[in-house]
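Fold and contact review
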Amino acid sequence: MIRKICCIGAGYVGGPTMIVIAENCPDVIINVVDTNPEKIEAWNNKDLSKLPVFEPGLVKLIKRVRNKNLFFTTEIDTSIKNADAIFISVNTPIKSSGVGAGQASDLKWVEASARRIAESATGHTIVIEKSTLPVRTAKVIKEILETKQSFEKSDSKFKTFSVLSNPEFLAEGTAINNLQKPDRVLIGGDNFDSINELKSLYLNWVEEEKIICSNLWSSELTKLTANAFLAQRISSINSISAICEVTGADIKEVAKATGLDSRIGEKFLNAGPGFGGSCFKKDILNLIYLSNYFNLKEVGDYWEQIIKINDWQKKRIYEVIVEKLFGNIADKKILILGFSFKANTNDTRESPSIGISIDLLKENSKLVFHDPKVSPTQIINVLKNEIDSNQFSKNISFSDDIYSASHDADAIIILTEWEEYKMIDWKKISNIMRKPSWVFDTRGIVNVESVRSEKINIWQVGNGFLRN
Ligand code: UDX
Ligand code: ADP
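Remember, predicted model here, so these are calculated numbers, not experimental data.

Topic: the overall build of the protein chain
- When helices and strands are tallied, the protein chain shows 18 helices and 14 strands.
- Taking 2.2 N^0.38 as the reference for a compact globule, 468 residues should give roughly 23 Å; the C-alpha atoms of the protein chain span a radius of gyration of 24 Å, in line with that estimate.
- Seen through its principal axes, the protein chain has C-alpha atoms that stretch 80 × 50 × 45 Å.
- Sequence-distant contacts in the protein chain: of pairs separated by 6 or more residues, those separated by 24 or more amount to 74%.
- Of the accessible surface of the protein chain, which amounts to about 21600 Å², a share of 51% is contributed by carbon and sulfur atoms.
- Counting 59 positive and 59 negative side-chain charges, the protein chain places the averaged centre of each group 2 Å from the other.

Below you can see the structure in the form of structure tokens.
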């Protein structure tokens with residue numbers, strides 16, 4: 001029976017996942033560890049507005065479990081030693097150099113975790129892959145763990161391992177709900193007893209029919225497949241949004257009528273500035289790498305097109321902006337509304353705002369950033385390596401008030417679908433923007449008539465009615 005859990009990695013996956021397990025399994029003691037002491041300190045902060053992850057519903061739960069059966073600590077080795085089950089929830093970004101650069105996941109943090117587990121674990125330990133990983137990573141973990149296995153029961157050094165894959169399907173912004181009421185829980189492995197132990201943990205709050213067991217490789221591949229299919233829907237609808245704009249069709253009407261086919265379904269059909277987040281691009285790149293590795297070039301080419309359309313969507317939106325502003329944006333003031341990759345998260349990884357802002361800055365425009373949850377420091381950290389430092393300080397500013405930031409602005413670009421952007425008072429804005437003024441609604445959340453009636457020009461993704 002799993003009584004003590006250690007989770008390695010206190011990020012967007014590890015933090016919320018362990019909070020929900022702690023809430024539903026009050027008899028299980030959970031230590032969440034991280035090599036980054038600042039992150040652990042932030043998770044332990046008494047001021048709950050300073051937690052490292054913003055997620056609706058998170059604060060309510062953490063209040064109930066923190067320092068009761070859930071602990072955030074930098075005591076990695078002791079936590080590993082005491083654990084019956086260890087979740088690996090570390091970051092796995094795409095490699096920036098070497099073999100597989102730009103495509104394969106960098107497994108150095110996974111490998112470091114496995115080596116540390118191999119060293120410090122005692123007794124029998126179930127090691128669970130939680131991070132999104134390339135197919136067959138479990139083999140790497142197994143091989144590392146096996147170097148330290150010792151089967152001699154009488155020996156104090158007795159240690160054995162079983163490795164399971166239990167991919168995370170949570171989406172940021174709805175993580176707590178996804179974890180509390182998952183569509184399914186997938187457990188992959190070849191050790192029947194270990195699978196059952198993990199299953200028993202989930203049975204504390206998940207219905208049995210939603211817990212699916214498979215072999216390790218199916219489980220790892222399912223995670224990549226699920227994300228690739230979701231990303232594919234977004235590239236599909238975004239490609240159609242471009243056709244809408246030139247033909248006079250409207251993407252919302254097309255998406256609604258298409259999604260009513262029960263075989264297609266209505267979800268994930270919102271056109272936008274392209275998908276962001278830490279998973280979609282990485283998982284598709286992993287799929288492409290895997291396909292090419294196994295000489296399945298056509299399969300790799302097929303999935304590559306999803307990323308190409310995603311990059312193109314951002315580029316074409318940037319080009320529309322420049323074109324509408326008379327082909328010249330130098331010194332023009334542009335308000336960027338939203339820097340997180342989607343609403344209800346403070347995560348900016350792969351956010352479409354990044355690429356679009358960089359392109360605009362390269363043409364010397366003056367950008368004012370607003371985001372309800374992303375701090376100026378976070379935005380600076382993301383952009384500073386991409387932009388010349390002189391230009392950077394001259395052309396970037398921040399505001400937490402949309403209205404004062406709109407003063408003399410030539411354009412407002414909505415890049416994240418935050419609720420408050422749906423309720424902007426365009427009359428107020430119209431009086432203070434420089435004329436001719438433009439709104440670029442890349443999320444399709446603005447009521448077009450309420451903007452136009454205030455004599456502001458508007459471009460909206462996939463809105464062919466606006467075609468001149
Ligand atoms: C995704 C998967 O949904 C989740 O199951 C997996 O565990 C991790 O990756 P996440 O990246 O947190 O989750 O967010 P998601 O809601 O999937 O959105 C990803 C991106 O697609 C965002 O940039 C979002 O704005 C965009 N998107 C989503 C659209 O452009 N249109 C849509 O209709 C839906
Ligand atoms: P994710 O979205 O997958 O949760 P994050 O980057 O938000 O990714 O979190 C991953 C966390 O894992 C980071 O806080 C990082 O410091 C931590 N981490 C990486 N390697 C190790 C390691 N070897 N031991 C402990 N923590 C680690």
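Thoughts on the site of ligand 2
- Near ligand 2 lie 16 residues; those nearest to it are Val13, Asp34, Lys39, Trp109 and Arg349.
- A distance of 2.6 Å is found between an oxygen atom of ligand 2 and a side-chain nitrogen or oxygen belonging to aspartate 34.
- The separation between an oxygen atom of ligand 2 and a polar side-chain atom of asparagine 91 is 3.5 Å.
- Burial of ligand 2 by the protein amounts to 88% of the accessible area it has alone, namely 580 Å².

Some remarks on the environment of lysine 324
- Considering the arrangement of structural elements, one finds lysine 324 in helix α12 (residues 297-324).
- For the pair formed by lysine 324 and proline 376, sequence separation is 52 residues and the distance between their alpha carbons is 28 Å.
- Beyond its immediate sequence surroundings of up to four residues, lysine 324 is in contact with Trp438, Phe440 and Trp459.

Some details on the pattern of salt bridges
- Applying the stated criterion to the full structure yields 23 salt bridges.
- A salt bridge links arginine 316 to glutamate 245, with the shortest nitrogen-to-oxygen separation between them at 2.7 Å. Placement of arginine 316 in helix α12 and of glutamate 245 in helix α9 (residues 216-247) is noted, with a sequence separation of 71 residues between them. By the burial criterion, arginine 316 is buried, and glutamate 245 matches it.
- Ionic pairing is found between lysine 314 and aspartate 311, a salt bridge with its closest N-O pair at 3.7 Å. Here lysine 314 pairs with aspartate 311, and both are found in helix α12, just three residues apart, close to one helical turn.
- Classification of lysine 314 by relative accessible area gives buried; the value is 15%.
- By sharing partners, the salt bridges in this structure join Glu172, Asp347 and Arg349 into a single network.

Structural notes on unusual backbone geometry
- Here the residue pair lysine 435 and proline 436 is connected by a cis peptide bond, since its omega of -5° sits within 30 degrees of zero.
- Of note, proline 436 is situated in the loop between α17 (426-432) and β13 (438-441).
- Positive phi outside glycine occurs at aspartate 408, with the angle close to 65°.
- The residue aspartate 408 is located in the loop between α16 (402-405) and β12 (411-414) in this model.

Comments concerning the site of ligand 1
- In the vicinity of ligand 1 there are 19 residues, among which Leu170, Glu172, Asn270, Lys342 and Arg443 approach most closely.
- One nitrogen or oxygen atom from the side chain of lysine 342 is found 2.7 Å from an oxygen atom belonging to ligand 1.
- Taking 660 Å² as the accessible area of ligand 1 by itself, protein coverage stands at 91%.
- For the shell around ligand 1, the element with the highest residue contribution is α9, accounting for four residues.
- Grouping the amino acids of the shell around ligand 1 by side-chain chemistry returns eleven nonpolar, three polar and five charged.

Overview of the sheet that holds strand β11 (residues 396-398)
- Here six strands make up an open sheet; going across it, the order is β11-β10-β9-β12-β13-β14 and the pairing parallel. One side of each edge strand has no neighbouring strand; the edge strands of this open sheet are β11 and β14 (457-460). For this sheet the average axis-to-axis angle between neighbouring strands, irrespective of direction, equals 20°.
- With five bridges connecting them, strand β9 (residues 333-337) and strand β10 (residues 366-370) associate as parallel partners. Its bridge partner lying in β10, isoleucine 336 is registered against phenylalanine 369.

Thoughts on the side chain of serine 365
- Assignment of secondary structure puts serine 365 in the loop between α13 (352-362) and β10.
- A distance of 2.8 Å separates the side chain of serine 365 from the backbone oxygen of leucine 360, its partner in a polar contact.
- In contact with serine 365, other than residues within four places in its own chain, are Ile329, Ala330, Asp331, Lys332, Ile334, Leu360 and Asn395.

Cut-off values and rules
- Residues numbered from 1 in each chain as written.
- Chains lettered and ligands numbered in written order.
- Predicted model: local features only at pLDDT ≥ 70, side-chain atom pairs only at ≥ 80, totals over all residues.
- Heavy atoms only, no water.
- Helix = DSSP H or I, 4+ residues; strand = E, 2+ residues; numbered from the N terminus.
- Rg over C-alpha atoms; globule rule 2.2 N^0.38 Å.
- Contact = heavy atoms within 4.5 Å.
- Areas by Shrake-Rupley, 256 points an atom, 1.4 Å probe, with all protein chains shown as cover.
- Lys, Arg positive; Asp, Glu negative; His and termini not counted.
- Charge placed at Lys NZ, Arg CZ, Asp CG, Glu CD.
- Near = heavy atom within 4 Å.
- Polar contact = N/O pair within 3.5 Å; in protein donor to acceptor, adjacent residues only side chain to side chain.
- Salt bridge = Lys/Arg side-chain N within 4 Å of Asp/Glu carboxyl O.
- Buried < 20%, exposed > 50% of the residue type's maximum accessible area, 1.4 Å probe, protein only.
- Nonpolar A, V, L, I, M, F, W, Y, C, P; charged D, E, K, R; others polar.
- Pairing = 2+ DSSP bridges.
- Axes fitted to C-alpha atoms, helices over the stretch in contact; angles between N-to-C directions.

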